[in-house]
Each structure stands twice: as structure tokens, then as C-alpha cells.
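One letter stands for each residue in the lines below.
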Amino acid sequence: QSVLTQPPSVSAAPGQKVTISCSGSSSNIGNNFVSWYQQLPGTAPKLLIYDNNKRPSGIPDRFSGSKSGTSATLGITGLQTGDEADYYCGTWDSSLSAWVFGGGTKLTVL
Amino acid sequence: EVQLLESGGGLVQPGGSLRLSCAASGFVFSSYAMSWVRQAPGKGLEWVSSISESGGSTNYADSVKGRFTISRDNSKNTLYLQMNSLRADDRAVYYCAKLGTTVVTPITNWGQGTLVTVSS
């Protein structure tokens, strides 16, 4: 059982928009920055979003992040088949003194 | 370019030990906190442990506390994970990860991972 809750799967058609939610508590998302990671099949995860809504260099602006209270959201617009991957949210949990991840969301681009 | 190269994975019997290493390059290793994150086959990411840039502060997941020890040698730009009393549920790909300047900052880079299999 993950500390952060994500939907197991989402799907949308190419060119459409999708959002992935990540729900936590005051000890993690509520008081710390959230990051998002993309894991393409058979590869290591890659940082997509950090500090709730910042994109590392090289990440297209089709990817966006937001946070409100104890929840965070990853948005992906202009979906491409190459976006099919598992997406994870993560943050520091101040009560646990530990990094915590969501269970991951599998994105299918139909 | 940041590079993180894990080694030391393999097959070990239950109750056995293994030491993972992560050779880092492309950044000032001694300025950044580091972590180990694992992923069991077909499962999600699980944070294992983090260490401060100096090595003076460490954190562990409850699932490995007392069995695993994280350490670093800043003179060799290398991160380690000593794993003792290994169990079947420790089987996973273990990723070395670079954080920001403190352990509460996000993971910015990941290694390619090394597979640990615990089986008799």
C-alpha cells in the first residue's frame, strides 16, 4: 500500500490531454515539493517535473505539474504514442523521514 | 553529463549478503545527496535509503532498516549499499539515484539499475 495514491491506469487518444492525480497528506504533499517521473517500458525512471511544476531542461512543455493542498496533478497535452509509460509521483514525507512514491499510473495512448 | 553506473547485483541465497556499488561521474559527487530506490518485478518504485552529501546523515525504509547500510566514498565518487540478511522479497532492480543538495530534494538522475535475485 503506497503512501501516495495514484490511479492504476489512464488512457486517451493521440493528440488529447490526460491528467494523473496523486493524493497524499499534510506530512508529505501538503508540506513538501512534489516531483513526477516517467518510466518507459524496460528503462529507468526519468525526472519529468520537480518542485510541483518545474520542468528540467529537455522536457517539453506538453508536460505540466500542479499542486493544491495535499494533492498533485500531472498533465500531458498533445498525447503521443511515445508517451505510453508508467508515471510516478514522489515527495519527502516529514513524519516518516522517508521518500515516498505513488503506486504508479500506466498511461495508454489508444 | 551525469552518469550513474551500478554494479554488484546477482543471485544470492536467502540470509546472504551483497554489496552494491554506484560509480558516479559528470557532477561534483560530494555536493549532492544520493539514494537507492528499488523496483520489484512488475511493481512500482520503492525508496530504500538516502545519504547526505557528506555521509553524515542517513535514512532507511522500515522494510530494510537494520539489514541494509548505505555509505559513500566521496574520494572515489562511489555510493554503496551493503545488504545483509537478504529475503526473497528483496528481489528487485536496485537503482542508484542522485538527489539535490539535501535528502529532501527530488531525485534528478537515475542509474540503469542492477538486478538482485534472492533464491535458494
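See the structure above.
Residues numbered from 1 in each chain as written. Chains lettered and ligands numbered in written order. Predicted model: local features only at pLDDT ≥ 70, side-chain atom pairs only at ≥ 80, totals over all residues. Heavy atoms only, no water.

J.: I keep staring at the packing of aromatic side chains and nothing clicks. Help me out?
T.: To describe a pair of aromatic rings, you give the distance between the ring centres and the angle between the ring planes. The tally for this structure, following the rule as stated, stands at 7 aromatic pairs over all chains. Arranged with centres 5.7 Å apart and planes meeting at 80 degrees, the rings of Phe27 of chain B and Tyr32 of chain B form a pair that is edge-to-face. Members of the aromatic cluster, joined through ring pairs, are Tyr37, Trp99 and Phe101 of chain A together with Tyr95 and Trp110 of chain B. Stacked on the ring of Phe29 of chain B, the Lys or Arg Arg72 of chain B has its end atom at 4.3 Å from the ring centre. The ring of Phe27 of chain B is capped by Lys98 of chain B, whose NZ or CZ atom sits 5.4 Å from the centre of that ring. (Phe/Tyr/Trp six-rings, centres within 6.5 Å; stacked < 30°, edge-to-face > 60°. Lys NZ or Arg CZ within 6 Å of the ring centre and 35° of its normal.)

J.: Which parts of the structure should I look at to understand the interface of chain B and chain A?
T.: By convention, interface size is frequently given as the accessible area that disappears when the constituent parts associate. Facing the 19 residues of chain B at the interface are 17 residues of chain A. Summed over both partners, the interface of chain B with chain A buries about 1,400 Å², with 68% contributed by carbon and sulfur atoms. On the chain B side of the contact with chain A, Leu45, Trp47 and Trp110 of chain B bury the most area, a combined 38% of that side's loss. Seen at the junction of chain B and chain A, the total is 6 residue pairs in polar contact (both at pLDDT 80 or more). Elements represented by at least two residues in the side of chain B that touches chain A include exactly β4 (34–39) and β5 (45–51) of chain B. No other element matches β5 of chain B, which puts 3 residues into the side of chain B that touches chain A. For the side of chain B that touches chain A, the residue count by class is 10 nonpolar, 7 polar and 2 charged. (Contact = heavy atoms within 4.5 Å. Buried area = accessible area lost by both parts, 1.4 Å probe. Polar contact = N/O pair within 3.5 Å; in protein donor to acceptor, adjacent residues only side chain to side chain. Helix = DSSP H or I, 4+ residues; strand = E, 2+ residues; numbered from the N terminus. Nonpolar A, V, L, I, M, F, W, Y, C, P; charged D, E, K, R; others polar.)

J.: What exactly am I supposed to notice about the sheet that holds strand β5 (residues 63–68) of chain A here?
T.: All names here are of chain A. If you trace the 3 strands from one edge of the open sheet to the other, you get β2-β6-β5, paired in antiparallel fashion. This sheet does not close on itself; its edge strands, each paired only once, are β2 (18–23) and β5. Going from strand to strand, the sheet's axes swing by 20 degrees on average, the running direction of each strand aside. Two strands pair when backbone bridges link them, and β2 and strand β6 (residues 71–76) are joined in this way by 6 bridges, in the antiparallel orientation. Paired with Ile20 across the strands is Leu74, a residue of β6. (Pairing = 2+ DSSP bridges. Axes fitted to C-alpha atoms, helices over the stretch in contact; angles between N-to-C directions.)

J.: Explanation requested: the state of the cysteines in the structure shown.
T.: On inspection of all chains with the given rule, the structure shows 2 disulfides over all chains. Across the disulfide from Cys22 of chain A sits Cys89 of chain A; the S-S distance is 2.0 Å. On the sign convention where negative means left-handed, the S-S torsion of about 75 degrees between Cys22 of chain A and Cys89 of chain A marks this disulfide as right-handed. Separated by 67 residues along the polypeptide, Cys22 of chain A in strand β2 and Cys89 of chain A in strand β7 (residues 85–93) bring together distant segments of the chain. Using a relative accessible area of 1% as the deciding quantity, one classes Cys22 of chain A as buried. Note on Cys89 of chain A: relative accessible area 0%, which makes it buried. Disulfide pairing places Cys22 of chain B opposite Cys96 of chain B at an S-S distance of 2.1 Å. One disulfide, between Cys22 of chain B and Cys96 of chain B, carries an S-S torsion of -70 degrees and so falls in the left-handed class. Here Cys22 of chain B, found in strand β3 (residues 18–25), pairs with Cys96 of chain B, found in strand β9 (residues 92–98); they are 74 residues apart in sequence, far enough to count as distant. You'll find Cys22 of chain B and Cys96 of chain B in the same group, each marked buried. (Disulfide = S-S within 2.5 Å. Buried < 20%, exposed > 50% of the residue type's maximum accessible area, 1.4 Å probe, protein only.)

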